[in-house]
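Observations on the model geometry
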Amino acid sequence: MDVLPIIFVIAAAISLAAAVMVVTARNLVHAALWLILTLFGVAALYVLLEAGFFAVVQVVVYIGAIAILFIFAAMLTRRMMQDTGPQLHKAWPLAAVVAVLLFAGLMAILVSWPGMDSAKPALAEGADPLRQLGLALVSPDAYVVPFQLASVLLVAAMVGAIFVAREKNP
Amino acid sequence: MIPLSWYLIFAAALFSIGLFGVLARKNAVAILLGVELMLNAANINLLAFWRYRAPEGVAGQAFALIVFAVAAAEVAVGLALIISIYRRRKSVIADEMNLLKW
């Protein structure tokens, strides 16, 4: 009896249920907390994919920074919409139809693709994907330019966020 | 043994839920929550394809890492914009942000 599929099903079910709560919860702080649960489920799937580094990054960056930022934003923009009135648009059934259609379309494409049931190939003997990734990120032959661009993007986003959210002095 | 299809179906479902959140929510912060769900679904696909189809390469991993950085930048700027709009207009409802409409 293989235990990994059971872990997958549990993690995926928790993630999807929490994701549904994220988009339907009335209270935004609760929605952000449900988002944390979803992100934990996704981190578990990263572990199942043998991408442990990405599971750690998911917990540190997404849960540690992004979800906390969402909770701060929800608290800073309180009072207006808190628990009163509908949280969903009047046209939300249309949105649901679009989402279901997208899911059905993706499924239709996926089932017609022959690679769907490919089994997981074993990693090569002595292979270390994390070491490969680290080397590729600083090697001029591989991804050093995108990597540096990502750093520049983060700095620009940081400066921009501070500038935009700053309290203006009259 | 988990087939690749499970990951793809999960990612498609997560993406659809995120899309529903983006389209149906009124609150701008909640819309950004939906965008986060969609980015996560894309990342799962990237890493699943990397592991199942090209485990000897690093393209999938590098791409997923860049997506992480972009998601962090996106959320920082997005929330800063929402807080700035909230200060000026006392509203976070996306429908009421019509300053640029003409």
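Residues numbered from 1 in each chain as written. Chains lettered and ligands numbered in written order. Predicted model: local features only at pLDDT ≥ 70, side-chain atom pairs only at ≥ 80, totals over all residues. Heavy atoms only, no water.

Considering the overall build of chain B
Check the secondary structure of chain B and you find three helices and zero strands. The C-alpha atoms of chain B give 17 Å as radius of gyration, which overshoots the globular expectation for 102 residues (13 Å, by more than 25%). Across its three principal axes, chain B shows a C-alpha extent of roughly 50 × 25 × 25 Å. Across the 102 residues that make up chain B, the buried fraction comes to 61%. (Helix = DSSP H or I, 4+ residues; strand = E, 2+ residues; numbered from the N terminus. Rg over C-alpha atoms; globule rule 2.2 N^0.38 Å. Buried < 20%, exposed > 50% of the residue type's maximum accessible area, 1.4 Å probe, protein only.)

Focus: the interface of chain A and chain B
In this assembly, 84 residues from chain A lie in contact with 73 residues from chain B. Of the roughly 7300 Å² buried between chain A and chain B on both sides combined, carbon and sulfur atoms contribute 77%. Here chain A is connected to chain B by one salt bridge. Between arginine 51 of chain B and glutamate 50 of chain A there is a salt bridge whose closest N-O contact spans 3.3 Å. Applying the counting criterion to the chain A and chain B interface returns seven residue pairs in polar contact (both at pLDDT 80 or more). When residues of the side of chain A that touches chain B are traced back to their parent elements, those giving at least two are α1 (4-24), α2 (28-48), α3 (52-76), α4 (92-111), α5 (129-138) and α6 (144-165) of chain A. (Contact = heavy atoms within 4.5 Å. Buried area = accessible area lost by both parts, 1.4 Å probe. Salt bridge = Lys/Arg side-chain N within 4 Å of Asp/Glu carboxyl O. Polar contact = N/O pair within 3.5 Å; in protein donor to acceptor, adjacent residues only side chain to side chain.)

Thoughts on unusual backbone geometry
Note: most peptide bonds trans; most residues except glycine with negative phi. Residue and element names in this part refer to chain A. Here glutamate 50, not a glycine, exhibits a phi torsion of approximately 60°, which is positive. Along the polypeptide, glutamate 50 turns up in the loop between α2 and α3. Judged by relative accessible area, which is 39%, glutamate 50 ranks as partly exposed.

With respect to the packing of helix α2 (residues 28-53) of chain B against helix α3 (residues 59-89) of chain B
All names here are of chain B. Following both chains from N to C, one finds α2 and α3 inclined at 175°, their axes separated by 9 Å at the closest point. In terms of orientation, α2 and α3 fall into the roughly antiparallel class. Contacts between α2 and α3 involve Ala28, Val29, Leu32, Val35, Glu36, Leu39, Asn43, Leu46, Leu47 and Trp50 on the former and, on the latter, Gly60, Gln61, Phe63, Ala64, Val67, Phe68, Ala71, Glu74, Val75, Gly78, Leu79 and Ile82. Taken together, the residues of the contact of α2 with α3 sort by class into 16 nonpolar, four polar and two charged. (Axes fitted to C-alpha atoms, helices over the stretch in contact; angles between N-to-C directions. Parallel < 35°, antiparallel > 145°, perpendicular 65-115°, else oblique. Nonpolar A, V, L, I, M, F, W, Y, C, P; charged D, E, K, R; others polar.)

Some thoughts on the side chain of serine 5 of chain B
The topology assignment puts serine 5 of chain B in helix α1 (residues 4-24). The exposure class assigned to serine 5 of chain B is buried, which follows from its relative accessible area of 8%.

Some words on the nonpolar core
The biggest cluster of nonpolar side chains holds 72 residues, and the ones touching the most others in it are Phe54 and Phe70 of chain A together with Tyr7 of chain B. For this core, the secondary structure elements donating two or more residues are α1, α2, α3, α4 and α5 of chain A together with α1, α2 and α3 of chain B. Setting aside its immediate chain neighbours within four residues, tyrosine 7 of chain B contacts Phe8, Leu45, Leu48 and Leu49 of chain A together with Ile2, Ile44, Asn45, Ala48 and Tyr52 of chain B. (Core = buried A, V, L, I, M, F, W, Y, C linked by side-chain atoms within 4.5 Å.)

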